[in-house]
Amino acid sequence: MNEQLVEYAAGSLGQADRARVEEHLAGCADCRADLAGWALLAEAAGTAAAPPGPDLVRGALLRSALVEPEPVTRRPAWFSLSLVLAEARLVRVSVLVASALVMALGVVMAAMPAAYDGWAGDVLALVAPVVAAAGVAGVHGPRRDPAFEVVAATPTSPRLILLTRIALVFAYDLVLALAASGVVAAVGADPSGVRELIAAWLGPMALLSALSLVLVVWVGADIALGVAVVLWALRVLAGGVLVDVGGVLDVVRAAWSTNLATVLTAAGLLAVAMILAGRGEPLRRSRATHLL
Amino acid sequence: MRPLPLWRHEVQRAGWTALLTPPLAVAAPLLIAFVDAGASASDREIAQNFFGALEMGVPLAAGIGAASLVGRDPAAELLLTTPEGYRAVLLRRLAVTVGWAALMAVLLAGTMVATGWWARWPANHGPLVGQLIWLAPTLGLATLGFLAGAAFRGPAAAGGLVAICWLVQQIFAETVQEQGWSRLLYLFATTRGTVPADWTANRITLIAAAAVFAAVAWPLLGRTERLLPEVTE
């Protein structure tokens, strides 16, 4: 009966139901009291302002058609600098310290009495690439980046953020390797000069870092680190420890040098990593919540 | 938690670095050995690559894997709130890492013994005692990586230390073997040669060094607040 009382008060009941309700009301004081309350509500609703009609919609559409859109807000000139500074704060200090320590050990080894011509360059070519690749492997992904979820929620492109952070880490390792080359040349450990020393490690450093970056974005930091370590170990063993009659290690040695092919391959891998970084929802990707 | 699901969980948490690197480290020298076989390399040369995978590849993989165990667990704080000590969790993951690398080594060594390739390397020390070829350096580098992880509180410096240690022993092989004490700690005494009478002592010393590394790591791992990333004491 209560539901019918509401409709009765609103005047929306049919004739037969209306007669039945009135018959009931004649003998029920409680329902008469309820009806009085519903009638008050119906009266109050009747005095409320009418909802906006089609005029409102028409006016909004007309205004948006006639008024020029607001100009797109351009990023301020200092945006790039702010982004670099913000990303620099997210690079773990332990990674930077470890990179510097390993590179320092590389300098000590390179500065030792040369076993053969080109010794110092070979040592730096073994140390600098693995330092950079390990650093790159530690800067991306939900398990390595403490601000991954926050960064993914910002309007800034994930590609731009990844590129900025990689540039920071790689630039740091580049400065370390350049300083190491300078020190090694300064102590006279390699008579061929700084340029030859830099040429020994620059190409492999770029290639191994770019490969590490693709693997980080594609499958994760742990796999990138594992693959980088195995490739690096192969290059070490290609120095004469493993027997290579079939010429497999010649490929490794060729890739571990500075030439046009290694630089172009590194650039291509960097482009692939950037494309992969912008695809899909980072937090909804496969296995985002399960580690294996 | 029952033992089997517990260990399955620890396998998942050990991470891909620990799980992927050992098979890759074994597969790469094997690939070169197979290509060499097609290019008419001698049996001794091919066997050298097999033994290189065992004595150089497996220990490096185990060392890098063990170095990656401390300081990268997103659930470390949660685990510290459980009644079971975090040290036990890390030790189980170390066992998974070393065990997986050992399984790869045993499979390769078993195949070599069964196919006769084991006997084609002169200094093979027999199929039983010869397992120390991979076991001693694997335990040495894995416990060194684990200790470094506990001491440095993160995988970056620990992995770097393991890699540098491995690299130094590779490129200063002759220098390391000049002194008696460094000869005993040389990781690659089988494939890169040592004084023949020193081989057994070398293997025992490496295992003893592993025990010392583990003993030093034990109290460090007990101070669990040190293992949390970005926490200063």
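Note: the structure precedes this text.
Parameters at a glance
- Residues numbered from 1 in each chain as written.
- Chains lettered and ligands numbered in written order.
- Predicted model: local features only at pLDDT ≥ 70, side-chain atom pairs only at ≥ 80, totals over all residues.
- Contact = placed C-beta atoms within 7 Å.
- Helix = DSSP H or I, 4+ residues; strand = E, 2+ residues; numbered from the N terminus.
- Nonpolar A, V, L, I, M, F, W, Y, C, P; charged D, E, K, R; others polar.
- Axes fitted to C-alpha atoms, helices over the stretch in contact; angles between N-to-C directions.
- Parallel < 35°, antiparallel > 145°, perpendicular 65-115°, else oblique.
- Left-handed = near helix turned anticlockwise from the far one by under 90°.
- Expected span 1.5 Å × (residues − 1).
- Buried ≥ 20, exposed ≤ 12 C-beta atoms within 10 Å, placed from the backbone.
- Arc of directions from axis to C-beta.

1. A closer look at the interface of chain A and chain B
Taken together, the contact pairs 36 residues of chain A with 39 residues of chain B. For the side of chain A that touches chain B, the secondary-structure elements that each account for two or more residues are helix H6 (93–110), helix H7 (119–137), helix H11 (221–237) and helix H12 (248–255) of chain A. Element by element, the count of residues in the side of chain A that touches chain B is highest for H11 of chain A, at 11 residues. Residue composition of the side of chain A that touches chain B, by class: 28 nonpolar, five polar and three charged.

2. Some remarks on the packing of H6 of chain A against helix H9 (residues 158–186) of chain A
Residue and element names in this part refer to chain A. Viewed as axis vectors pointing N to C, H6 and H9 meet at an angle of 20 degrees, and their least axial separation amounts to 10 Å. It follows that H6 is roughly parallel to H9 by the angle criterion. For the crossing formed where H6 meets H9, the hand is right-handed. Residues Leu96, Ser99, Ala100, Met103, Gly106, Val107 and Ala110 of H6 form the contact with H9, whose own contacting residues are Tyr172, Asp173, Leu176, Ala177, Ala180, Val183 and Val184. In terms of residue class, the contact of H6 with H9 is made up of 11 nonpolar, two polar and one charged.

3. Quick word on helix H13 (residues 260–277) of chain A
Residues and elements named next belong to chain A. Compared with the 26 Å implied by 1.5 Å per residue over 18 residues, the 26 Å span of H13 between its first and last C-alpha is a close match. Residues Thr262, Ala266, Leu269, Ala273 and Ala277 constitute the buried set of H13. An end-on view of H13 places all buried positions within 75 degrees of arc, on one side of the element. Facing away from the buried side of H13 by over 90 degrees, the exposed positions are Leu260, Leu264, Gly268, Ala271 and Ile275. In this fold, the buried residues of H13 make contact with H9, helix H10 (194–218) and H12.

What is shown is where atoms sit, not what they do.
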